[in-house]
Amino acid sequence: MKPVPHTTSLRRAPVQRRSAERLTRILDACADLLDEVGYDALSTRAVALRAGVPIGSVYRFFGNKRAMADALAQRNLERYTERVTERLKDSGAEGWRTAVDAVLDEYLAMKRTAPGFSLVDFGNQIPIGSGHAEPNHRVADRLTDLLSGYLAREPDEDLRRTFLIAVETADALVHLAFRVAPEGDEKVIGETRELLRAYLARVLD
């Protein structure tokens, strides 16, 4: 099971600081508007207006709103990885259950607070990007690479498959929790945590 390669939806990567800041404003505006109007009503013109940039600046980076939402999903994954990494640094070497809690807790925190996340996530919620991107595969690969060192395990095919199954399972159950309650049903989340621990114990204990 080979890792899914990194992709980018940017037409042109920012080189100068000013360009990078403009891209950040565009993605922030996209995220806010997704929460306000949804994906169907989202437009590149509205994003440009909210970001305070010319419409040409949006098209310099993105060909359409699908590519823009895809880039937001990629940024979400980068920020999620950073959050999990920081959480693990703070926790020290406390075992894989602590690591799994960090992975789930940081996902829940972004689900509750990150603008646009409920629609875009890491690319799961709307049909964005190319069909072979498989966001859950990408998340599982990222977590395997991140946690293998923490767990002192080889990031081999078996470990990648294990994390992929865990990610697919958690994704389905967390979405169930947020369908049951706006902030995520705590009982469903608790059952999700126990299920993940029971499954991963077979491999990680």
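Before reading on, note that the structure itself is shown above.
Here's what I pulled together on the structure shown here. All of these numbers come straight from a predicted model, not from anything done at the bench.

### Re the environment of D32
With respect to the secondary-structure elements, D32 resides in helix α1 (residues 17-37). Taking relative accessible area as the criterion, D32 reaches 31% and is therefore assigned partly exposed. Considered as a pair, D32 and R50 are 18 residues apart in the sequence and their alpha carbons are 9.0 Å apart. Ignoring sequence-local partners within four residues, the contact set of D32 consists of R50 and P115.

### A word on the packing of aromatic side chains
Applying the stated criterion to the full structure yields six aromatic pairs. Their ring planes at 80° and their centres at 6.4 Å tell us that Y80 and Y107 sit as a pair that is edge-to-face. One end of the pair, Y80, is in helix α4 (residues 65-91); the other, Y107, is in helix α5 (residues 96-113), and 27 residues separate them in sequence. Residues Y107 and F117 carry aromatic rings whose centres are separated by 5.8 Å and whose planes lie at 65° to one another, so their mutual orientation is edge-to-face. Of this pair, Y107 sits in helix α5 while F117 sits in helix α6 (residues 117-120), placing them ten residues apart in sequence. Assessed through its relative accessible area of 8%, Y107 is described here as buried. Aromatic ring contacts, followed pair by pair, group Y80, Y107, F117 and F122 into a single cluster.

Parameters and conventions
- Residues numbered from 1 in each chain as written.
- Predicted model: local features only at pLDDT ≥ 70, side-chain atom pairs only at ≥ 80, totals over all residues.
- Heavy atoms only, no water.
- Helix = DSSP H or I, 4+ residues; strand = E, 2+ residues; numbered from the N terminus.
- Buried < 20%, exposed > 50% of the residue type's maximum accessible area, 1.4 Å probe, protein only.
- Contact = heavy atoms within 4.5 Å.
- Phe/Tyr/Trp six-rings, centres within 6.5 Å; stacked < 30°, edge-to-face > 60°.

The quantities given are spatial measurements derived from coordinates; they are silent on function.
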